[in-house]
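Descriptive analysis of the structure
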Amino acid sequence: MTAPALEIVHLVKHFGGIPATQDVSLKIMPGERRLIIGPNGAGKTTLFNQITGDFRPTSGKILLFGQDVTRLTPHARAHLGLSRTYQIITLFPQDSVAHNVVLGLMGLKGARWNMFRPLGFYAELHAEARHMLDRVGLGALAEARVGEIAYGQKRRLEIAMALAQKPRLLLLDEPLAGLSSEERATIKQLIAAIPRDTTVIMIEHDMDTALDLAETVTLLHYGRVLVDGPRDAVIADPKTREVYLGH
Amino acid sequence: MRTVLLLLTAVVLASLPLFAGTFYINLASQILIAAIFALSLNLLVGYAGLTSLGHASFLGFAAYASAWASTNLGLGFAPAALLSITTTTLMAACFGLIALRATGLGFLMITLALSQVLWGLAYRWASLTNGDNGLTLAGRPAPFGIALDGAGAYYWFTLAVFAAAFTLMAVFVSSAFGSALKGTRDQPRRMAALGYNVWLIRWITFVYAGFWGGVAGLLYVYYHRYIHPTSLSITTSAEGLLGVIAGGSGTLGGPVIGAGLLVLLKNYASAYIERWNMLLGFVFLFIVLVIPEGIVPGVRRLLSRKGSGKP
Ligand SMILES: Nc1ncnc2c1ncn2[C@@H]1O[C@H](COP(=O)(O)OP(=O)(O)OP(=O)(O)O)[C@@H](O)[C@H]1O
Ligand SMILES: [Mg+2]
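Predicted, not measured: the structure shown is a model, and the values here were computed from it.

Describing a nonpolar patch on the surface
Taken together, the side chains of Met-278, Phe-282, Leu-285, Phe-286, Leu-289 and Val-290 of chain B make up a nonpolar region of the molecular surface, amounting to roughly 690 Å² of accessible area. Here Phe-282 of chain B shows up in helix 13 (residues 276-290).

Structure follows, in structure tokens:
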């Protein structure tokens, strides 16, 4: 039996007494496409931040591919094959689009410790970054400064940086937030094309787009898992209608 | 254009003792030493985003260590220098462990506190440091039998070390590691998520900066043939920081220009004005208000504006 890509066991997180995650247990199998939904402030991003190691849970356990990572640093988890994007765009605005992807690529390579070889000499890294940018349709903007490209392009760059790392588990935090319908369609294609050896967990509010990408859905409410299961069963559940789809 | 300018600068710097008087040669040596110090501090301030107010620790400690090893242990210059640089780098490794528990203001306060401890020790531990009287070196080193006692000879020695320091630090910041370092300055959380050990990157940079601060300290004590606790004071650290910020932090030319300006002001102004520190304050206030990004980036911006024909 293969271990789940991600297993969360009785996870609890309090922010100074205020609960943001309350006894969450989840199991996500390799290759799965999981959508996490829930009202604003339900604790979706907080859950991601605990999976990545940005936040230490108050109690509970997190396992990546069968390995207990609860006490592991964020960078160590990245080396286990975990990548993420941010709800609030977190890029390097002073640098070029290509440089952002190169930083993503280099994070998992030994080259990042080399103090004597100029970054410009790593031709293969730059070629790989170009290739990635072509894939997400940003090839023409490779040399543009990130601070000067459009919002929708930044969203694509967020995904490109994560995908460049060839993650085994990819966390997407509202990849469609603030995009026009055409832009949403592009990102949707991009996510649909992610190979099956990458497990994808996505937080998204745009049901029309996101549901097509999901196989399983988890509904969070006040930090608790309210409904969890195959997509259609979760959608049909009256609790889902009540707390989420209703408004 | 840039290459021509660089070559011209190199030729002028290398031939300076052939046409300049002793006063100016010595001034140039002091500028080069201050520039190495500022460049090393800039690794932290400009490239790691960690503002230190205790960088004099490394300059002062290295200077004391080599002077002490020469006078008290009777070591030759080379072994004394080796001992001094090794212990300074080790000290930087320890200081880094303590200071990097914080960033921002916390980091600044810890670096300041650590350097104040050293400063206090230099005054109080007189059996080791000779207290307020300072330590005097018998002379300057003579590498490969070449005496460095003359102003010109010492200038050339300093210039050679400066060239090596500048080149190695330039390579450091443009390397793969240097790019990662800049990433941790701009977006530390993202860098960690990408797989970078942000803490370790900062610590390595801290140690490297300490090493070059120590090199500046060696040149400093050879130049003056003397070391006093003031070299460990907050004034020395603050002057280095002013040089970095005025010249332009996060650039390679900035700290050199800033350090040069500082040494010149200090030497000229102090001859005419008693409260030269006040003048220094005004000059830097002017720079910070008019070109907050520093001289080098400011001039670059002005030039590019002219070049592109925009108003
Ligand atoms: N760093 C923090 N410190 C204190 N409270 C926090 C912190 N981060 C999140 N919270 C709180 O935890 C709760 C869950 O926030 P979270 O950002 O996880 O919600 P979310 O489900 O992602 O919402 P949204 O759909 O708006 O993104 C909120 O009440 C929020 O105020
Ligand atoms: Mg959120």
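The structure having been displayed, the exposition proceeds.
Examining the sheet that holds strand 4 (residues 59-64) of chain A
Residues and elements named next belong to chain A. Strand order in this open sheet of 4 strands is 2-1-4-5, and the pairing throughout is antiparallel. Two strands bound the open sheet, and with one partner strand each, they are strand 2 (18-28) and strand 5 (67-68). The sheet contact formed by strand 1 (residues 6-15) and strand 2 spans 7 bridges and is antiparallel. The residue bridging Leu-11 from the neighbouring strand is Val-24, located in strand 2. On top of the sheet, helix 1 (residues 44-52) reaches strand 1, strand 2 and strand 4; it is set at about 115° to strand 1, its chief contact.

A closer look at the site of ligand 1
Residues and elements named next belong to chain A. Surveying the vicinity of ligand 1 reveals 13 residues, the closest of which are Gly-41, Lys-44, Thr-45, Thr-46 and Gln-87. In the model, an oxygen atom of ligand 1 is placed 2.5 Å from a nitrogen or oxygen of the Thr-46 side chain. When ligand 1 sits alone it has 630 Å² of accessible area, and the protein chains cover 60% of it. The greatest single-element share of the shell around ligand 1, amounting to 3 residues, is contributed by helix 1. Partitioning the shell around ligand 1 into residue classes produces 4 nonpolar, 7 polar and 2 charged.

Looking at the domain arrangement of chain A
Residue and element names in this part refer to chain A. As assigned here, chain A comprises domain 1 (1-81 + 168-247) and domain 2 (90-166). On a C-alpha basis, the centres of domain 1 and domain 2 stand 26 Å from each other. Taken together, the contacts link 14 residues of domain 1 with 13 residues of domain 2. Both sides of the domain 1 and domain 2 interface together cover about 1,100 Å² of buried area, and 71% of this is carbon and sulfur. Put simply, the parts of the chain that give the side of domain 1 that touches domain 2 at least two residues each are helix 2 (74-79), strand 7 (169-173) and helix 6 (181-192). Top element by residues in the side of domain 1 that touches domain 2 is helix 6. It accounts for 3 residues. Of the residues belonging to the side of domain 1 that touches domain 2, the class tally is 9 nonpolar, 2 polar and 3 charged.

Looking at the packing of aromatic side chains
For the structure shown, the criterion picks out 18 aromatic pairs over all chains. Aromatic side chains Phe-23 of chain B and Tyr-268 of chain B sit 6.4 Å apart centroid to centroid with 80° between the ring planes, which places their arrangement in the edge-to-face category. One end of the pair, Phe-23 of chain B, is in helix 2 (residues 22-48); the other, Tyr-268 of chain B, is in helix 12 (residues 253-272), with 245 residues separating them in the sequence. A centroid spacing of 4.5 Å and a plane angle of 25° characterise the contact between Phe-172 of chain B and Tyr-208 of chain B, whose relative ring orientation is stacked. In this pair, Phe-172 of chain B sits in helix 7 (residues 151-174) while Tyr-208 of chain B sits in helix 10 (residues 198-224), placing the two residues 36 residues apart along the sequence. One aromatic cluster in this structure is built from Trp-113 of chain A together with Phe-172, Phe-177, Tyr-208, Phe-211 and Trp-212 of chain B. The ring of Tyr-154 of chain B has Arg-140 of chain B lying over it, and the distance from NZ or CZ to the ring centre is 4.3 Å.

As for the interface of chain B and chain A
Each partner contributes residues to the interface: chain B has 24 residues there, and chain A has 32 residues. Taking both sides of the interface into account, the surface hidden between chain B and chain A amounts to around 2,300 Å²; carbon and sulfur atoms contribute 62%. If you look at where chain B meets chain A, you find 2 salt bridges. Arg-190 of chain B is the partner of Glu-158 of chain A in a salt bridge, and the nearest nitrogen-oxygen pair spans 2.9 Å. Along the contact surface separating chain B from chain A lie 14 residue pairs in polar contact (both at pLDDT 80 or more). Mapped by element, the contributors of at least two residues to the side of chain B that touches chain A are helix 7, helix 8 (176-186), helix 9 (188-193) and helix 10 of chain B. Looking at the side of chain B that touches chain A element by element, the count peaks at 6 residues for helix 8 of chain B.

Each value, and the rule that gives it
- Per-chain numbering applies: the sequence of each chain, read as written, is numbered from 1 onward.
- Chain letters and ligand numbers both follow the written order, the letters beginning at A and the numbers at 1.
- Local features are withheld for residues below a pLDDT of 70 in this predicted model, meaning they are given only at 70 or higher, and side-chain atom pairs are given and counted only at 80 or more; totals for whole chains, interfaces and linings count all residues.
- Neither water nor hydrogens contribute to the side-chain values; these are computed over all heavy atoms in the structure.
- Like-charged residues within 9 Å of one another, or nonpolar side chains (Val, Leu, Ile, Met, Phe, Trp, Tyr) within 5 Å, are grouped into patches, provided each residue has over 30% relative accessible area and no salt bridge.
- All accessibility values rest on the Shrake-Rupley procedure with a 1.4 Å probe; residue burial counts only the protein chains present in the view.
- The term salt bridge refers to a side-chain nitrogen of Lys or Arg lying within 4 Å of a carboxyl oxygen of Asp or Glu.
- The secondary structure listing takes helices from DSSP runs of H or I that are at least 4 residues long and strands from runs of E that are at least 2 residues long, numbered from the N terminus.
- Two strands pair under a simple rule: DSSP has to find at least two bridges between them.
- By definition, residues are in contact when any of their heavy atoms lie within 4.5 Å.
- To get an axis, fit a line to the C-alpha atoms, keeping to the stretch in contact for a helix; angles then go from 0 to 180 degrees between the N-to-C directions.
- We define proximity as follows: a residue is near a molecule or strand when any one of its heavy atoms falls within 4 Å of that partner.
- Each polar contact in these results corresponds to two N or O atoms within 3.5 Å; when the atoms are within protein, one needs to be able to donate a hydrogen and the other to accept it, and residues that are neighboring in sequence are counted only if both atoms are side-chain atoms.
- Residues are sorted three ways: Asp, Glu, Lys and Arg are charged, Ala, Val, Leu, Ile, Met, Phe, Trp, Tyr, Cys and Pro are nonpolar, and all the rest, Gly among them, are polar.
- What counts as a domain boundary in this text is fixed by an automatic or database domain assignment.
- Once two parts are put together, the accessible area they lose, assessed with a 1.4 Å probe and summed over both, is termed the buried area.
- What counts as a ring pair is set by centres within 6.5 Å for rings of Phe, Tyr and Trp (its six-membered ring), and what kind of pair is set by the plane angle: stacked under 30 degrees, edge-to-face over 60, tilted for all other angles.
- The rule for a charge over a ring is simple: NZ of Lys or CZ of Arg within 6 Å of the ring centre, and within 35 degrees of the ring normal.

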